[in-house]
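Remarks on the overall topology
Residue strings, one per chain:
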Amino acid sequence: MTRKRFSRRICGAVSLAATLGTAGPATPQDGVWTRPTLNYMGVPGILDMPTAHPMHDGDISVSAMGLRDTQRNVLHFQITPRLSGVFRYVFLRDFSVNDYRNFYDRSFDLRYQIAEEGPTRPALAIGLQDFGGTGIYAGEYIVASKTFGRLRTTAGLGWGRFGSQGGFDNPLAIFGEGFKTRPDAETGQAGLAQTGRVDTDHWFRGDMAVFGGLQYQATDRLVLSAEYSSDAYDAESERIGFEHNSPVNVGLTYRFASGVDLNAAYLYGSTFALGVSYTYNPNSSVRKPSGEEAAPTPVYLRPAGSAADLGWTAQSDVAIVLRDSVAAQLDGLGLVLETMSVSPDRTEIRFRNPTYPYPAQALGRVARELSRIMPASVETFDLVLVTANGLPASRVTIRRSDLEDLEFAPDGSWQSYARAQITDTEASPTRPDLRGPATPSFTWGLGPYLESSYFDPREPIRINAGLALRARYEPSPGWVLGGQIRHKLTGNIGDSFRSDSVLPRVRSDAAIYAEEAETALTSLTAARYFRPGEDLYGRVTVGYLEPMFAGLSGEVLWKPVGSRLAFGAELNYAKQRDYDQQFGLRDYDTVTGHVSAYYEGEGGFLYQVDAGRYLAEDWGTTLSVDREFNNGVRLGAFATFTDVSFDDFGEGSFDKGIRVTVPLSLISGRPSKEGISRTIRPVLRDGGARLAVDGRLYEGIRDYHQESLENSWGRFWR
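Residues numbered from 1 in each chain as written. Predicted model: local features only at pLDDT ≥ 70, side-chain atom pairs only at ≥ 80, totals over all residues. Heavy atoms only, no water.

**Focus on the environment of D535**
As for its position among the elements, D535 is in the loop between strand 22 (519-530) and strand 23 (536-544). Residue class for D535 comes out buried when judged on its relative accessible area of 17%. When the C-alpha positions of D535 and E426 are compared, they lie 7.5 Å apart, and in sequence the two are 109 residues distant. Setting aside its immediate chain neighbours within four residues, D535 contacts D424, L557, W558, K559, P560 and V561. (Helix = DSSP H or I, 4+ residues; strand = E, 2+ residues; numbered from the N terminus. Buried < 20%, exposed > 50% of the residue type's maximum accessible area, 1.4 Å probe, protein only. Contact = heavy atoms within 4.5 Å.)

**Considerations on the pattern of salt bridges**
A complete count under the given rule lists 45 salt bridges for this structure. We note a salt bridge from E117 to K146, for which the minimum N-O separation is 3.2 Å. Remark: K146 occurs in strand 6 (residues 139-148) and E117 occurs in the loop between strand 4 (103-115) and strand 5 (123-129); sequence separation between them is 29 residues. With respect to burial, E117 and K146 carry one shared label: buried. Among the salt bridges present, the one from R702 reaches E628, with a minimum N-O distance of 2.7 Å. Here the residue R702 occupies a position in helix 11 (residues 697-702), and E628 occupies one in strand 28 (residues 619-628), the gap between them amounting to 74 residues. One connected set of salt bridges, linked through shared partners, spans E600, D626, E628, R634, R659, E699 and R702. (Salt bridge = Lys/Arg side-chain N within 4 Å of Asp/Glu carboxyl O.)

**Some points on the side chain of T541**
Relative to the assigned elements, T541 resides in strand 23. In terms of polar contacts, T541 uses its side chain to reach the side chain of R539, at 2.9 Å. Discounting chain neighbours no more than four positions away, the residues touching T541 are T525, A526, A527, G551, L552, S553 and V693. (Polar contact = N/O pair within 3.5 Å; in protein donor to acceptor, adjacent residues only side chain to side chain.)

**Focus: the side chain of S596**
Here S596 is to be found in strand 26 (residues 585-600). Within the local environment of S596, its side chain forms a polar contact with the side chain of D610, the two groups lying 2.4 Å apart. Non-local contacts of S596, meaning those with residues more than four positions away in its chain, are made with A566, F567, G568, V609, D610 and R690.

**Some points on a nonpolar patch on the surface**
A surface patch of nonpolar side chains, amounting to about 940 Å² of accessible area, comprises F442, W444, L446, L467, L469, Y473, L481, I485 and L489. Listing elements by their share of the nonpolar patch, those giving two or more residues are strand 19 (441-456), strand 20 (459-474) and strand 21 (479-491). Looking at the secondary structure, you find L481 in strand 21. Residue classification places L481 among the partly exposed residues on the basis of a relative accessible area of 40%. (Patch = residues over 30% accessible without salt bridge, like charges linked within 9 Å, V, L, I, M, F, W, Y side chains within 5 Å. Areas by Shrake-Rupley, 256 points an atom, 1.4 Å probe, with all protein chains shown as cover.)

**A closer look at the sheet that holds strand 16 (residues 392-399)**
One open sheet accounts for 6 strands, arranged 17-16-15-14-13-18; its pairing is mixed. Each of the sheet's edge strands pairs with one partner strand only, and the pair in question is strand 17 (421-423) and strand 18 (434-435). Relative to strand 17, strand 16 runs antiparallel, the two sharing 3 bridges. The residue bridging R395 from the neighbouring strand is T423, located in strand 17. Where helix 4 (residues 318-332) meets the sheet, it contacts strand 13 (336-342), strand 14 (346-352) and strand 18, and its direction lies at approximately 150° from that of strand 13. (Pairing = 2+ DSSP bridges. Axes fitted to C-alpha atoms, helices over the stretch in contact; angles between N-to-C directions.)

**Considering the sheet that holds strand 10 (residues 248-255)**
As summarised here, the arrangement of the 12 strands in space is 1-2-3-4-5-6-7-8-9-10-11-12, forming a closed barrel in which the pairing is antiparallel. If you compare each strand with its neighbour and ignore which way they point, the axes differ by 20° on average. In this structure, strand 8 (residues 208-217) lies alongside strand 9 (residues 222-228), joined through 6 bridges in antiparallel fashion. Within the sheet, the bridge partner assigned to Y216 lies in strand 9 and is L224.

**Quick word on the nonpolar core**
Core analysis: the biggest nonpolar cluster contains 52 residues, and V326, I349, F351, L363, L383, V396 and W713 have the highest contact counts within it. Looking at this core element by element, the count peaks at 7 residues for helix 5 (residues 359-373). Sequence-distant contacts of F351, that is, excluding residues within four places in its chain, are made with L330, L335, V336, L337, E338, A362, L363, V366, L383, V384, L385 and V386. By size, the runner-up hydrophobic cluster in this structure holds 23 residues, among which are F204, M208, F629 and V633. (Core = buried A, V, L, I, M, F, W, Y, C linked by side-chain atoms within 4.5 Å.)

**Focus on the packing of aromatic side chains**
Tallying each qualifying case throughout the model produces 27 aromatic pairs. Among the aromatic residues, ring-to-ring pairing joins F87, Y89, F91, Y104, F108, Y454 and F455 into one connected group. Geometry around W33 places R152 over its ring, the cationic atom sitting 4.3 Å from the centre. The ring of F95 carries the charged tip of R239 above its face, separated from the ring centre by 5.1 Å. (Phe/Tyr/Trp six-rings, centres within 6.5 Å; stacked < 30°, edge-to-face > 60°. Lys NZ or Arg CZ within 6 Å of the ring centre and 35° of its normal.)

**Some remarks on helix 4**
Along its 15 residues, helix 4 runs 21 Å from first to last C-alpha, staying within 8% of the 21 Å computed at 1.5 Å per residue. Along helix 4, the positions that sit buried rather than exposed are V318, L322, R323, V326, A327 and L330. Viewed end-on, helix 4 has its buried residues packed into an arc of 165°, placing them on one side of the element. In helix 4, the exposed positions that point more than 90 degrees away from the buried face belong to D331 and G332. (Expected span 1.5 Å × (residues − 1). Arc of directions from axis to C-beta.)

**Things to note about the environment of A367**
Its place among the elements puts A367 in helix 5. Sequence separation between A367 and Q581 is 214 residues; the distance between their C-alpha atoms is 47 Å. In contact with A367, not counting residues within four places along its chain, are F381, L383, L403 and F716.

So this is what it looks like as structure tokens:
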């Protein structure tokens, strides 16, 4: 049988599967189909081809897949119930690009589910693969999948990589001649494009082909898969001699309840492939939901009639005694009293929360302690949340009688939230007269540090490690002096690829800074934080702001307590530091600044837009989207576009990346506001570079405002 006749028969089988997939009742995620399998590109799919079902909302999946001369590492994030994104990092042995024998490829995907599966309707999805990388894996597809109990069928149409096997003329050519050919196909470069450029004129162009396949859930753990692939592996065949003997792939997946999947397959009639993936959902996966902190003390119930007793007010030193008692109890909770006032029926407590990741939990614990300390006549508790830098961020007013009524109510948390009042401290700017132990304060710490850089073409991950000495002195609320010294013990970041940038080298000389600074003063600053007025916050910072720049930075933020929207403005004068990161400065200096808009959307989405002038004196805009889950896990992406041309920017074409934050409390089960954060850029260049100033206002303020308090209020009684 010739290969052409064989391909026609396979296409016929796929068409039949697609026809079956549109008829007859079925439940889309019945029983055994708890989540899709991930294919060897790290996306929901069969083996090499995609399927139409998404992962669960919020799923974060990491995959490592290997086949002949190829290693693929993938991060997949189900951004919304229908939209997902992918970052893929691939090692290709002997691929020989730009004088490098081995090639490391970076790429991004986006896919969107157009329609969910119904009783008679298949799930339908559309995807862009490798739309912003080198183009080695670039392709687009539309795919449909239908479930029949343990059997799931898939059929799709593909372009680019997905249109290279058994392709035929693109029917979209009826909309224009440009759809007939794909620009990269004309160059004969086997899919290689300019790194990082988003070439929309490639999408859905050139030949189109059909792909499809079947999956069978043999047991609750074992999935069997077979597919007809429309990927001819042209780039691999041309450069590393990959043998594409057949478009038919077969394989299996073994699934563990922990979210781990093991995969094995025989691909293209020539090679075996193995893979492992792990899927984690921050919405439902909490290591220790209740934590390991001590249980809170119960609310003290006042005896009947005791609230009328005001005899305590005649004691001359009673306010001092109460202040000392409150300070001691808060210290035992890991909280710090800043100031306090007390009257016959009301008390105001201003405190800092360096311990609890959920501010509502801190509020609940303070309120319980006050019910036990304050005289019975004190009915109203004004609890003022103060940021780590001494800014009063919000006032939460709680009635003591509500605490007594609601502590054991079935929905006591939400009733207490409904009865609480959350306002700006500047709306009625009282100044409590009893100071606590918050300031002056001096803290320091000595410990290890780990610094990493990614995606050097000769070494994908480079690391520096050593010791860091940190110190912080706060003489009075709002005044902060701080600094850090690092001593490198080992590392190879300094061996990274040297910059060929034509722009001012504001970031691309990072390897030189890493090489020449064995003992580095990474920061030394004085900062002033203040409240210019209601809904307004301010900051001024001067000194050695970051490893590469010294200067002066000023910022103003408008953020009403009850608003999801905030606006900010920042202006900086920055002067470049010497490579050794001591006290010397280089000749380059600039004025940089941005205006910013922030919005807290539904579902934990955080949107930010920054527009202004960057360190290399380019003008542009940064767009950022993050998703923050209730357990503190945060994952986001950003992209910066400036007036620097793609050619002048260099490899990567524009600044972009992803960032991940995992709270330490999720790992240890103990309350902590610390976390592990990483920002991953495909490449670090000079365009779109922004000054790294510690203590910017928005993140510290929004945690204590209404939206964040509401999201965490379920922990008020914990």
